[in-house]
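# Breakdown of the fold
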Amino acid sequence: MKVVIGSNNPAKYNAIEQALVGLSIEASTVRVDVDSGVSNQPLSDDETVRGALQRARNALYECDEAVFAIGLEGGVVIDDTATHNVMVCNWGALVDKEGNEFIAGGARIPLPEAFRGPLSKGIELGELMEEYCQRKDIRKHEGAVGIFSGGAITRTQMFEHVCRLLVGQWIHKNKQAL
Ligand SMILES: O=P(O)(O)OP(=O)(O)OP(=O)(O)OC[C@H]1O[C@@H](n2cnc3c(O)ncnc32)[C@H](O)[C@@H]1O
Ligand SMILES: [Mg+2]
């Protein structure tokens, strides 16, 4: 079967491909760069979920033969009332050709307090991570999760977990239909 992935970021498509292998789903994947329909840097759980869903819907639209599409989106949550008020958040969505939609959330981890000002002014986390690490393309490799967990959980591993939750829900739904 065919599965379409709504990103060309290796940290995302590797996660999806590894989750499919891990769940023994034989699928060929297609990667498409699609619009998330939200800002480049989502600033709430809700905006991040909407970005993931929109990526999945747009990706499915791009590929007629696909059984389902997966969209993954990274965001930031800034909550001035919370004890730890700057967090990276991660969401995924799976949309199938029958029109079923599933979402799943990933791990979150606090970001440095110093990131709050620039994020609130519209600077993207990807850019702040490059500056923090003095290295390009953190978002395509270990990600903020990987950096601030000392490499214990990479962005790919975190998104793989999200994808297992998405595909698992799709399997559960299809079993019920049998
Ligand atoms: O090519 P796409 O699929 O868009 O991948 P992306 O890395 O830009 O990922 P998102 O659009 O989902 O993330 C929104 C923004 O948050 C940043 N971001 C989110 N999670 C991150 C992480 O773990 N490490 C670094 N940047 C991250 C990312 O660079 C973007 O600026
Ligand atoms: Mg992006």
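In this text the structure is predicted, and so the values were computed from the model without any measurement.

Calculation rules
Residues numbered from 1 in each chain as written. Chains lettered and ligands numbered in written order. Predicted model: local features only at pLDDT ≥ 70, side-chain atom pairs only at ≥ 80, totals over all residues. Near = placed C-beta within 6 Å. Nonpolar A, V, L, I, M, F, W, Y, C, P; charged D, E, K, R; others polar. Core = buried A, V, L, I, M, F, W, Y, C linked by C-beta atoms within 7 Å. Buried ≥ 20, exposed ≤ 12 C-beta atoms within 10 Å, placed from the backbone. Contact = placed C-beta atoms within 7 Å. Helix = DSSP H or I, 4+ residues; strand = E, 2+ residues; numbered from the N terminus. Arc of directions from axis to C-beta. Expected span 1.5 Å × (residues − 1). UniProt positions renumbered as here; feature names shortened; annotations may be inferred. Pairing = 2+ DSSP bridges.

### What to know about the site of ligand 1
- Residues in contact with ligand 1 amount to 18 residues; listed here are only the nearest, Ser 7, Gly 74, Glu 124, Gly 126 and Gly 143.
- Taken together, the residues of the shell around ligand 1 break down into 6 nonpolar, 7 polar and 5 charged.

### As for the nonpolar core
- By size, the foremost hydrophobic cluster in this structure holds 46 residues, and its most contacted members are Ile 16, Ala 56, Ala 69, Ile 70, Leu 94, Cys 163 and Leu 166.
- Here Cys 163 is in contact with Ala 15, Ile 16, Ala 19, Ile 70 and Gly 92, once residues within four sequence places are set aside.

### Re helix H4 (residues 125-133)
- What H4 keeps buried is the set Leu 125, Leu 128 and Met 129. Down the axis of H4, the smallest arc covering the buried residues is 100°, so these residues share one side.
- Of the surrounding elements, those touching the buried residues of H4 are strand E3 (66-78), strand E4 (86-96), helix H3 (116-120) and helix H5 (143-148).
- Where H4 ends, the next residue or the one after it, Gln 134, has phi of about 55°, a positive value.

### Considerations on helix H2 (residues 45-62)
- With 18 residues, H2 ought to run about 26 Å at 1.5 Å a step, and its terminal C-alpha atoms sit 26 Å apart, in line with that.
- With respect to burial, H2 is a largely interior element, 13 of its 18 residues being buried.

### Topic: the UniProt feature "binding site: substrate" (unreviewed entry) in the chain
- Look at the UniProt record and you will see "binding site: substrate" (unreviewed entry) annotated at Glu 65 and Ala 66.
- Within the fold, Glu 65 resides in the loop between H2 and E3.
- Following the sequence through the fold, Ala 66 ends up in strand E3.
- Residue classification places Ala 66 among the buried residues on the basis of 24 C-beta atoms within 10 Å.
- Ignoring any residue separated from it by four or fewer positions in sequence, one finds Ala 66 in contact with Lys 2, Val 3, Val 4, Val 30, Leu 60 and Lys 97.

### Observations concerning unusual backbone geometry
- The phi angle at Ser 24 is positive, at roughly 55°, despite the residue not being glycine.
- Looking at where Ser 24 falls in the secondary structure, it is placed in the loop between helix H1 (10-22) and strand E2 (28-31).
- A positive phi angle is found at Gln 134, which is not glycine, with a value near 55°.
- Mapped onto the elements of the fold, Gln 134 is located in the loop between H4 and H5.

### Re the pairing of E4
- The element E4 is extensively covered by neighbouring structure, given that 9 of its 11 residues are classed as buried.
- Pairing geometry for E3 and E4, over 11 bridges, is antiparallel. Opposite Ile 70, over in E4, you have Leu 94 as the bridge partner.
- Direction of pairing for E4 relative to strand E6 (residues 109-110): antiparallel, over a ladder of 2 bridges. Bridging across to E6, Val 88 finds its partner in Ile 109.
- Bridge analysis of E4 against strand E5 (residues 101-105) gives 5 bridges, and the strand direction is antiparallel. Note on E5: the bridge partner recorded for Val 95 is Glu 101.

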